[in-house]
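# Survey of secondary and tertiary structure
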Amino acid sequence: MMWLYSNCKMSTSVHLLIWSLLAVMIGLSQAKPNTKSHTEPSGLKADCVGNLMRLSLDKALAVGNQLEVQAINGTRHIVLTPALAAQCGYSMESDPWGNTRIYTSLMGCYVDNKKDASFDIALKLRMYSRPADVVSHNVMKTCSYTRWATREILCDRNYMEVSNYMPAPVPDTKDEYMNAVPNESGAEQGIWKLTFYTPKAVVMMKDEAEEAGYKAMTTATRLVMRSPYDTAETYSEDVAGVPMELFKVSVYHKKPEGLTVMNMVAACPTGGVLFTDDMISWHVPRRVTPLLDGSVKILEMQMGINGQRLDRRQMAARGYTLSATDFHLIIEIPVGSPDGYNKSHAPDYQYHITYTVEPMLEVLWRCERSHEDTRYKILFPITTPLMPRPPQAVDFTNAEERLFSIHVGTFVEDVELKNITFSTGTYTSEECGIKGFVVQEHRHPGGTKSFSLKVPFAATEVLKHNPEPLVTTYTLALVFGFLIYPEASPFAHPVELVASLQDVVLPTLQGTCDHHQFYVEVTLGNQGKNFQTLVGYQPLTPEVAQAFRLHENETHLTLVVPFTAKETTFELITSDSVRARLDMLLWEPNNNWMLADLYLTCNFPLQTTVCYPNGTMTALAVKVESVPNLIPSWLTLKDKSCKPTYSDDRFAYFAFAVATCGTTRTFFENYMLYQNEIGLYYKGNSYTSPNDPEYRQTVSCYYMVNDTQTVTFGYKSRSTYPSAEIGQGQLDVQIRLAHDSSYYHFYQPEDYPVMKYLREPLYFEVELTHSNDPSLELILESCWATANEDGNSLPSWDVIVNTCENKDDSYVTLFHPVTADSRVQIPSHFKRFSLKMFTFTKDDKVLKDEIYIHCNAMICDTNGDSQGICRGQCPRRSSGISGFHGIKGVKRTKRSPDSTQQRKISSGPISLFNSE
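Computed from a predicted structure; not experimentally measured. (Residues numbered from 1 in each chain as written. Predicted model: local features only at pLDDT ≥ 70, side-chain atom pairs only at ≥ 80, totals over all residues. Heavy atoms only, no water.)

The number of helices and strands found in the protein is seven helices and 69 strands. Burial analysis of the protein (916 residues in total) assigns 46% to the buried set. Contacts spanning at least 24 positions in sequence make up 65% of the contacts within the protein whose residues lie at least 6 apart. Total accessible area computed for the protein in this model is approximately 47,200 Å², and 50% of it derives from carbon and sulfur atoms. (Helix = DSSP H or I, 4+ residues; strand = E, 2+ residues; numbered from the N terminus. Buried < 20%, exposed > 50% of the residue type's maximum accessible area, 1.4 Å probe, protein only. Contact = heavy atoms within 4.5 Å. Areas by Shrake-Rupley, 256 points an atom, 1.4 Å probe, with all protein chains shown as cover.)

Right, dumping it as structure tokens:
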């Protein structure tokens, strides 16, 4: 028999028995790479349970493997297929975590039966973690069983088995049956043929029956018949309301002393289970009529779990009961008992569980007429219907800690948290950890688990809302995504967490005045700028903000408002001042809340009346708050024909001679007083109503009698004018090593040290960066090589001297022209040169196999008179530059000192590639 199952991890093992479809193979497979044999390792246990041998395989051995089971019969190893397992009396059950039980009937095939009293069973387990990696375990177990009843019936998961005590043949029928035996059968003794009743009789020879999946065999004292469920010769029958599957067969057995015909029947329940939310009730007929004739007596009645009997103390501790009524034997098992296990499911993406347990019922009946005993043993795995278990979300949020905390559960251990969806996206547990969230798995007694999540209020995934001005409501909407293994069935659970805190700090307004302007400062609260600023009850538009010199940062904003701005309100006007008010509101538009207000009133100097020596006077009228409907252009002097020479929506300006417009003149002492009145007159004015407030403003001028007024004009010349100062800045120069003469690809910092062959060209580019001035030119004053990173170290060798190549170098430095392209915008900002790779030697020995290149670069102004270095890169000269003589590697010239125009740059290391 071979069972194959595959587990990805401990919690993802298969639930149902999975039988392979491989044919029977005798002998070992020819390919046995990496095979290791063991005998009964830790985690593998064999025990005898009545007429069965039970082999328990711990999940630690089974997880992650495919399992093949072989029956060992002498020197033969028989790989058992599902069909052969049911035919030969083997079965297996595995839970989702890989715990496996294999049952072998003591009457099974390949069992070494010694006189129906001692049974040697040998199995070989082969575990395939990979096709090329096999671990084998040999299991040998000897079971003793002598309490055989006259008839034994065994109902296992995949087969029905009946064995009867085999009496001696009947001599009177010997000749009759012997005449019916075909001569060509050649069978001198043994099972000859079988007649099945469905209830129609179907006759098969033994070989035909075994090809159909049945097994008929004899032992020292018993005749054994075994049938899988749902074969053609089995049928269903309802017994005491319990559906059962049966087979009836007459077995013809030939012995030298005669022929025996035995009528055998087996009946096994396929139903009879009732469920409540917390209890499983399994009903088995008290008297299975297809098996029993006449009156019977129950001699024994035992309950067990997983093939193992339980005593009454064990049953009471687990809450199990076994009882009998007139019609049924009833086993009751609480749902969730520790002898079973739960399994998760997600139909329609909703979380459900099932509970599976494997009770055993063993009954011994005695027929009162014949005094023959029948032992009836049933292994009956039961799985409950789907039971909805909506996840429960428990909110442990502590608002004062400003931290959302939630537990979601409970689940069976085959559930894993796949991801969590927030308002900003979906993240795995690892990604949540990166964002600062805490995701944890919690395991509980009984094989359950739950998950917890902690998210700070400050996270961007948390939505914030203010239901009241001082209260913030924090909302975290989540969807937990789960997977059930090994099926990878998904389901989800949405949760919304809400917490409120009185944590809002409102913004504040304060202001001051000088002789001309209002100064307002807004201190922002902890909600940022979540408000609209109203000045004079009008929104602060960008244009107005610019006019009011708005300045803002993360904590404050300030405004400077002239008192004459149209957003201010004039309360009172006098001859030399005006009392103005600035009204400001901070308004939260979403909820229509006023967060702060300011009503700032100040007196500002304002000369409303001016008296001139030539006998004219001017007067300024102002629209005040007490006359809200005033239109200044409607104002007149006493003479209504004297209207404003200028007016707008806030001011009216009058200019008139003191002898006109109804001006009155009064003398007293040495003064002369001229008075007029600016007013709004209703008579004949269709734009006003008598109900509107009156507007009266008296204007007066005093003149001294016989006094002369002198007007002077002063002029002061400007002594200083704007001027610009000379500033200083920094220009950067960089050197890079190119891959080739195209100067298109360059070595990056992580590429160093760069490996080069001896005499291989090295292409360098020097660039003036961060400058767009085409009048600047980059000149390489000098370049030299050293064996160390320090540019002042020895030995060294010059490659460019006084802007030209070193004439003493046998590998002369070459300059390359630079033309404008997509990368080079200003060619004068670049210089390119090449030289051949060399090393420093002394006495024909290499001192070091790497070099560094250093350069002094000058930045020159091409608009000025070019002198010295700035005449150009290696200009043609009438006289040559003196060379350097001496041993190679020793430089004896003094380098130019640094200046504001000179930059020192370096590149390297460049290492010699040894071809050997």
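To continue, consider the pairing of strand β55 (residues 664-668). When β55 meets strand β56 (residues 671-679), the two strands line up antiparallel, connected through five bridges. Looking across to β56, one finds that Thr 666 is bridged to Leu 673. Once β55 ends, the chain turns through two residues before running back antiparallel as β56, passing Glu 669 with a positive phi of about 50°. (Pairing = 2+ DSSP bridges.)

On to the sheet that holds strand β59 (residues 754-756). Reading across from one edge, β59-β69-β68-β61-β62-β63 is the order of the six strands in this open sheet, with mixed pairing throughout. A single partner strand is all that each edge strand has here, and the edge strands are β59 and β63 (804-805). As paired strands, strand β68 (residues 850-861) and strand β69 (residues 902-912) are joined by eight bridges and run antiparallel to one another. Opposite Glu 850, over in β69, you have Ser 911 as the bridge partner.

Before going further, it helps to spend a moment on the pairing of strand β26 (residues 328-334). Most of β26 is tucked away, with five of its seven residues classed as buried. Pairing geometry for strand β22 (residues 279-285) and β26, over seven bridges, is antiparallel. Residue pairing for β26: His 283 is matched across the bridge by Ile 330. With four bridges joining them, strand β25 (residues 321-324) and β26 adopt antiparallel strand pairing. Residue pairing for β26: Leu 322 is matched across the bridge by Ile 331. Connecting β25 to the next strand, β26, in antiparallel fashion are three residues.

Time to look at the state of the cysteines. Inspection of every chain in the model, using the stated rule, returns nine disulfides. For Cys 155, the disulfide goes to Cys 268, at an S-S distance of 2.0 Å. One quick way to see it: the torsion about the S-S bond of Cys 155 and Cys 268 is about -90°, and its sign makes the bridge left-handed. In this pair, Cys 155 is assigned in strand β12 (residues 151-155) and Cys 268 in strand β20 (residues 258-269), connecting sequence segments 113 residues apart. Summarising the burial analysis for this pair, Cys 155 and Cys 268 share the class buried. (Disulfide = S-S within 2.5 Å.)

So, on to a nonpolar patch on the surface. On the surface, Phe 668, Tyr 671, Tyr 702 and Met 704 cluster together to form a nonpolar patch covering roughly 390 Å² of accessible area. Residue position: Met 704 is located in strand β57 (residues 696-704). (Patch = residues over 30% accessible without salt bridge, like charges linked within 9 Å, V, L, I, M, F, W, Y side chains within 5 Å. Salt bridge = Lys/Arg side-chain N within 4 Å of Asp/Glu carboxyl O.)

On average, residues of the protein score 84 in pLDDT, and 85% of them reach the 70 mark or higher. The model gives residues 1-39 a pLDDT under 50, and that stretch makes 131 contacts with residues more than four places away or in other chains. Confidence over residues 877-900 falls short of pLDDT 50; this stretch has 39 contacts with residues more than four positions distant or in other chains. (pLDDT = per-residue confidence, 0-100.)

Take the environment of Asn 806 next. Tracing the sequence through the fold places Asn 806 in the loop between β63 and β64 (814-816). Considered as a pair, Asn 806 and Ser 782 are 24 residues apart in the sequence and their alpha carbons are 9.6 Å apart. Engagement of the side chain of Asn 806 in a polar contact is seen with the backbone oxygen of Asp 798, the distance being 2.9 Å. (Polar contact = N/O pair within 3.5 Å; in protein donor to acceptor, adjacent residues only side chain to side chain.)

A few words now on the sheet that holds strand β21 (residues 273-275). Strands sit in the order β21-β22-β26-β25 across an open sheet of four strands; the sheet is antiparallel. Strands at the two margins of the open sheet, each flanked by one partner only, are β21 and β25. Between one strand axis and the next, the sheet turns by 20° as a mean value, whatever way the strands run. (Axes fitted to C-alpha atoms, helices over the stretch in contact; angles between N-to-C directions.)

As a further point, take the pattern of salt bridges. As enumerated under the stated definition, the model contains 37 salt bridges in all. Lys 114 is the partner of Asp 120 in a salt bridge, and the nearest nitrogen-oxygen pair spans 3.1 Å. Classification of Asp 120 as partly exposed rests on a relative accessible area of 22%.

Here we come to the nonpolar core. Ranked by size, the top nonpolar core spans 89 residues in total, and within it Met 225, Tyr 376, Phe 422 and Phe 480 carry the most contacts. If you look at the next biggest cluster of nonpolar residues, it comprises 56 residues, including Val 535, Leu 557, Leu 595 and Leu 620. (Core = buried A, V, L, I, M, F, W, Y, C linked by side-chain atoms within 4.5 Å.)

Turning our attention to the packing of aromatic side chains. Across all of its chains, the model carries 27 aromatic pairs by this definition. Here Phe 404 and Phe 457 contribute two aromatic rings whose centre-to-centre distance is 4.6 Å and whose plane-to-plane angle is 50°, an arrangement assigned as tilted. Highlighted residues: Phe 404 in strand β34 (residues 403-412) and Phe 457 in the loop between β38 (448-456) and β39 (463-468), separated in sequence by 53 residues. What makes Phe 404 buried here is its relative accessible area of 1%. In this structure Phe 457 comes out as buried when scored by relative accessible area, which is 1%. Taking the centre distance of 6.1 Å and the plane angle of 85° together, the rings of Tyr 743 and Tyr 763 count as edge-to-face. (Phe/Tyr/Trp six-rings, centres within 6.5 Å; stacked < 30°, edge-to-face > 60°.)

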